[in-house]
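Chains, contacts and geometry: an overview
Okay, here's what each chain looks like letter by letter:
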Amino acid sequence: MKIKQIPEDFLVDEISSINLKKKGKFSVYKLHKKNMDLIAARKTIARRFKISPRFISHAGIKDKIAVTTQYLAVKTDRGRKGNFNLPSISLEHVGFYDKPLESGDLKGNKFTVALRDLTDEEIIKIKSRLDKIKKFGFPNYFDSQRFGEDLSTGGFVAKRLMKGDYENALRLFLASANNRAEEKNTAHKFIHKNWGKWQKCSEFLNKFERIDEEKKIIHLLEKNQKGYLTAFKLISRQKRELMVSSYQSFIWNKCVVQLLKNTLKNLREINYKAGKLFLYDELTEEQLKDLMSKEIPMIDTKTRIKDKEIKDILDKVLEKENISQQELKIKKMGNLFFKERRRDIIVFPEEISINIKEDELNKGKKAAKLTFYLPKGAYATMMLKSLT
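On a predicted model such as this, the values are computed, not experimentally measured, just so you know.

Once that is clear, we can look at the nonpolar core. With 97 residues, the main nonpolar core has Tyr141, Leu170, Phe232, Tyr247, Ile251 and Phe372 as its most contacted residues. For this core, the leading source of residues is helix α9 (residues 237–263), giving 11 residues. Core analysis: the next-biggest nonpolar cluster, separate from the first, contains 14 residues, Leu38, Ala46, Leu72 and Val74 among them.

Our focus in this paragraph is the pattern of salt bridges. In the structure shown here, the tally under the stated rule is 28 salt bridges. Two residues, Arg342 and Glu295, come together in a salt bridge whose shortest N-O distance is 3.7 Å. Here Glu295 lies in the loop between α10 (285–293) and α11 (308–320) and Arg342 lies in the loop between α11 and β12 (346–347), a separation of 47 residues in the sequence. Of the residues examined, Arg342 reaches a relative accessible area of 58% and is grouped as exposed.

In contact at an axis separation of 9 Å, helix α6 (residues 198–205) and helix α7 (residues 212–223) are set at 150° when each is read in the N-to-C sense. Comparing their axes, α7 and α6 come out roughly antiparallel. Between α6 and α7 lies a crossing whose hand is left-handed. Contacts from Trp198, Gln199, Cys201, Ser202 and Leu205 of α6 reach α7 at Glu214, Lys215, Ile218, His219, Leu221 and Glu222. The residue inventory of the contact of α6 with α7, partitioned by class, reads five nonpolar, three polar and three charged.

This structure, assessed with the given rule, holds 14 aromatic pairs. The interplanar angle of 65° and the centroid separation of 6.0 Å between the aromatic rings of Phe10 and Phe111 together place this pair among those described as edge-to-face. Of this pair, Phe10 sits in strand β2 (residues 10–16) while Phe111 sits in strand β8 (residues 106–118), and the two are 101 residues apart along the sequence. For the pair Phe10 and Phe111, one class covers both residues: buried. When the ring of Phe190 is compared with that of Phe204, the centres are 3.8 Å apart and the planes differ by 5°; the resulting orientation is stacked.

The topology assignment puts Lys50 in the loop between α1 (38–49) and β4 (56–58). The exposure class of Lys50 is exposed, given its relative accessible area of 78%. Here the alpha-carbon distance between Lys50 and Glu149, two residues 99 residues apart in the chain, equals 29 Å.

The next point concerns the side chain of Thr301. The topology assignment puts Thr301 in the loop between α10 and α11. Taking the relative accessible area as the measure of exposure, Thr301 reaches 17% and is therefore buried.

In this section: the pairing of strand β5 (residues 67–74). With seven of its eight residues buried, β5 lies for the most part within the structure. With eight bridges joining them, strand β3 (residues 26–34) and β5 adopt antiparallel strand pairing. Considered in β5, the bridge of Lys34 is made with Val67. Judged from the three bridges that link them, β4 and β5 form a sheet pairing that is antiparallel.

Of note, the phi angle at Asn35 is positive, near 55°, even though the residue is not glycine. Its location among the elements puts Asn35 in the loop between β3 and α1. You will see that Asn266, though not glycine, has its phi angle at about 55°, which is positive. Relative to the assigned elements, Asn266 resides in the loop between α9 and β10 (268–272).

The next thing to look at is α1. With 12 residues, α1 should reach 16 Å at 1.5 Å per residue; the first-to-last C-alpha distance of 16 Å fits that figure. Among all positions of α1, only Leu38, Ala41, Arg42, Thr44, Ile45, Ala46 and Phe49 are buried. Buried residues in α1 make contact with β3, β4, β5, β6 (84–85), β7 (89–97) and α9. The backbone nitrogen of Ile39 has a side-chain oxygen 3.3 Å away, supplied by the residue at the start of α1, namely Asp37. A positive phi of about 55° marks Lys50, the residue just after α1.

Looking at α6, one finds that the buried residues are Trp198, Cys201, Ser202, Phe204 and Leu205. Within α6, the buried residues cover an arc of 165° as seen down the axis, which keeps them to one side. On its buried face, α6 is in contact with α5 (182–193), α7 and α8 (228–232).

Let us look at the environment of Asp212. Looking at the element boundaries, Asp212 is found in helix α7. Between the C-alpha atoms of Asp212 and Tyr272, which are 60 residues apart in sequence, the distance is 31 Å.

With that out of the way, let us pick up the packing of α9 against α11. Where α9 meets α11, the closest approach of the two axes is 9 Å, and the angle between their N-to-C directions is 125°. The angle between α9 and α11 falls in the class oblique. As α9 packs across α11, the resulting crossing turns out to be right-handed. Between α9 and α11, the contacting residues are Ile251, Lys254, Cys255, Gln258, Leu259, Asn262 and Thr263 on the first element and Glu309, Ile310, Ile313, Leu314, Val317 and Leu318 on the second. Its residues assigned to classes, the contact of α9 with α11 shows eight nonpolar, three polar and two charged.

Reading the values: the criteria
Residues numbered from 1 in each chain as written. Predicted model: local features only at pLDDT ≥ 70, side-chain atom pairs only at ≥ 80, totals over all residues. Heavy atoms only, no water. Core = buried A, V, L, I, M, F, W, Y, C linked by side-chain atoms within 4.5 Å. Buried < 20%, exposed > 50% of the residue type's maximum accessible area, 1.4 Å probe, protein only. Helix = DSSP H or I, 4+ residues; strand = E, 2+ residues; numbered from the N terminus. Salt bridge = Lys/Arg side-chain N within 4 Å of Asp/Glu carboxyl O. Axes fitted to C-alpha atoms, helices over the stretch in contact; angles between N-to-C directions. Parallel < 35°, antiparallel > 145°, perpendicular 65-115°, else oblique. Left-handed = near helix turned anticlockwise from the far one by under 90°. Contact = heavy atoms within 4.5 Å. Nonpolar A, V, L, I, M, F, W, Y, C, P; charged D, E, K, R; others polar. Phe/Tyr/Trp six-rings, centres within 6.5 Å; stacked < 30°, edge-to-face > 60°. Pairing = 2+ DSSP bridges. Expected span 1.5 Å × (residues − 1). Polar contact = N/O pair within 3.5 Å; in protein donor to acceptor, adjacent residues only side chain to side chain. Arc of directions from axis to C-beta.

Interpretation note: all reported values are geometric properties and have no functional meaning in isolation.
Here you go:
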């Protein structure tokens, strides 16, 4: 089976909960992008509008290898004058709003996914598992795309920040070689190899045009050899927030894995960027009711859990991570912190349909066109893993 053989095989349409206005401080646009991540899209828009990316807000982050539609609010009165259409990105003005968009403005996403290179046996299995997902849902794990860091180089940046180890936090960020831009990977590899030789790094980085963040960090370290904390703050706020939320998401995933292991047998093991996850195929009515009655919050230092089983699970996960709940805070980073949030353990897709046809890209095989809706925060890729 092949997923995302071409970007058009993965379509995402954002469903917003905002009520647009005829006037407002923010122009709201519908962003259409293809094979482009949101950070690159925001930079492109910022250059065209001649503003900082911080004046561009969004409610959700979409996949890069896909064709996606979502809403952006830009602090400008340009309205329709801001419309543009390029091969991989376009903006269409749809109205105005009084404030920036935030995650609470996202209702969910509608997905249209093509599964390719299928045999008849695979189609039978997919249809069977789809029927079970309709009845039992699937674990609401955070999938690999939540974790933007290169975890193979030393783990989570946030964990270093929690310990006040700003040098190694910065080193992990600059050691990442899984960036989509090859020049950024080349720059990061050079910095990692020449750590501490800031003048040499600075001279090397001058060869590249689009790595301004790294240049600013290295230039600061040239002037202040031990200024790791100040240098780390030069990383965009959005990236720093993602580093914190990714570690919080990892802890949540580990808790759900342990809960499922405590509750169920015959789980299927799958790999993802941050380790291993476990999926079920079906549940008894009692098991489903029990799991849906449980709650595992995204925790911070002040989270209080009354359910003894969940509390025990969390304590064991944190113990294995060699941290305490009171350490879930970021020191000397101002408004960068862990935030307690609620997240359902099981998610149920809606508006599901499947259509089987001949696969025009893989001769002699079938393709399945799958459409479904997921509430905000749920990962379509996790549903696909549950299917296959």
